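Summary of structural features
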Amino acid sequence: MQPLGYSLLGIAYERLVVLNDKRLLVIIPAYNEEESIESTVDELMATLPDIEYLVVNDGSKDGTERICLQRGYRHVSLPVNSGLTVGFQTGMKYALRNGYDYAIQFDADGQHCPEFIPQMLECAESENADIVIGSRFVEKCKEVSARMIGSRLITVMIKLTTGVRVADPTSGMRLFSKEMIKRFAQDDSLNPEPESISLLIKKGARVSEVQVEMRERQAGESYLNLSKSISYMLRACVSILFVQWFR
């Protein structure tokens, strides 16, 4: 299997794997994930052997691209680090150009468990959902911590502005329908964050949640320390309450 170059995103891949009769792409944005990318992709393929995935190497400075090349992972490499939004949109553009029915955002750090992907797809199909969130809190309560207080606050903000309760708005494991793939691929103002989920709900998107389990980061360090987490939550709340009204 030959890796894709960034310039080849527009070329359709001739074999689109069908999962439950629907074509699904797993988008794995990766920045400096040499310690976890191999176990993440290998677990995905061991759990769902026919799944299609795309690693988006976001200008990593470590050995992430080398591992992708050595292991023959299907991937694209951005020339410079451009951030999660650009990496995710790159995957969505690929999904749109290659005719996938669904795309799922999946972390490269080992936190997400691939065995829940079929349940999320089944939920999208049965409930005709545009977005299915892999939620930690459908059946379980949130723990008491600074991050979970922020998550509760975002849940309240989304409920106040849309009338829809999203139990786990900061979950990074999200499945998107074909219509959502098109929107994210063509609208550079959208990002894979709670404020965009809120905006899409306002525009008519149907959101469902599926209970999943998540692990701690398997290797490396998260860019979200305490101060950045607080800043992230405040920015999301301000955007949901005020900025989104003008979009």
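Structural data are supplied above this passage.
Below: a short report on this structure. This structure is a prediction, so every number in the text was calculated from the model and none was measured.

Criteria and thresholds
Residues numbered from 1 in each chain as written. Predicted model: local features only at pLDDT ≥ 70, side-chain atom pairs only at ≥ 80, totals over all residues. Heavy atoms only, no water. Helix = DSSP H or I, 4+ residues; strand = E, 2+ residues; numbered from the N terminus. Buried < 20%, exposed > 50% of the residue type's maximum accessible area, 1.4 Å probe, protein only. Contact = heavy atoms within 4.5 Å. Areas by Shrake-Rupley, 256 points an atom, 1.4 Å probe, with all protein chains shown as cover. Arc of directions from axis to C-beta. Right-handed = clockwise from strand over helix to strand, strands pointing away. Pairing = 2+ DSSP bridges. Salt bridge = Lys/Arg side-chain N within 4 Å of Asp/Glu carboxyl O. Phe/Tyr/Trp six-rings, centres within 6.5 Å; stacked < 30°, edge-to-face > 60°.

1. As for the overall build of the chain
For the chain, the count of helices and strands is 8 helices and 8 strands. Counting every position in the chain, which comprises 247 residues, the buried fraction comes to 51%. The long-range fraction of contacts in the chain, counting pairs at least 24 apart against all pairs at least 6 apart in sequence, stands at 76%. If you sum the accessible surface of the chain, you get close to 11,600 Å²; carbon and sulfur atoms cover 52% of it.

2. Description of helix α4 (residues 117–126)
I117, M120, L121, C123 and A124 are the residues of α4 that are buried. An end-on view of α4 places all buried positions within 160° of arc, on one side of the element. In α4, those exposed residues whose orientation departs by more than 90 degrees from the buried face are E122 and S126. After α4 finishes, the residue N128 shows a positive phi value of roughly 50°.

3. Looking at the pairing of strand β3 (residues 52–58)
Counting buried residues in β3 gives 7 out of 7 residues, a clear majority hidden from the surface. Burial of the side chains of β3 extends over both faces: E52, L54, V56 and D58 are buried on one face and Y53, V55 and N57 on the other. For the crossover that starts at strand β2 (residues 22–30), traverses helix α1 (residues 37–47) and ends in the parallel β3, the hand is right-handed. Looking at chain direction, β3 and strand β4 (residues 75–78) are connected through 4 bridges and run parallel. Across the sheet, V56 pairs through a bridge with V76, a residue of β4. Since β3 and β4 lie parallel, the crossover through helix α2 (residues 64–71) that links them has a hand, and here it is right-handed.

4. Re helix α7 (residues 194–202)
With 8 of 9 residues buried, α7 lies mostly within the body of the structure. All of the buried residues along α7 are P194, E195, S196, I197, S198, L199, L200 and I201. One or two steps after α7, the chain reaches G204, where phi turns positive at roughly 110°.

5. Examining the pattern of salt bridges
This model, assessed by the stated rule, comprises 8 salt bridges. The salt bridge involving R71 is made with E38; its shortest N-O contact spans 2.5 Å. Within this pair, whereas R71 is found in helix α2, its partner E38 is found in helix α1, the two being separated by 33 residues in sequence. Linking R71 and D42 is a salt bridge whose minimum nitrogen-to-oxygen distance equals 3.0 Å. Taken as a pair, R71 in helix α2 and D42 in helix α1 lie far apart in primary sequence, 29 residues in all. With a relative accessible area of 28%, D42 lands in the partly exposed category. Here the salt bridges do not stand alone but share partners, grouping R23, D101 and K178 into one network.

6. As for the packing of aromatic side chains
Across all of its chains, the model carries 5 aromatic pairs by this definition. Measuring from centroid to centroid gives 5.4 Å for F88 and F184, while their planes differ by 85°, and the two rings are edge-to-face. In this pair, F88 is assigned in helix α3 (residues 84–97) and F184 in helix α6 (residues 178–186), connecting sequence segments 96 residues apart. When sorted by exposure, F88 lands in the same class as F184, which is buried. One aromatic cluster in this structure is built from F88, F176 and F184.

On their own, these measurements won't tell you what the molecule is for.
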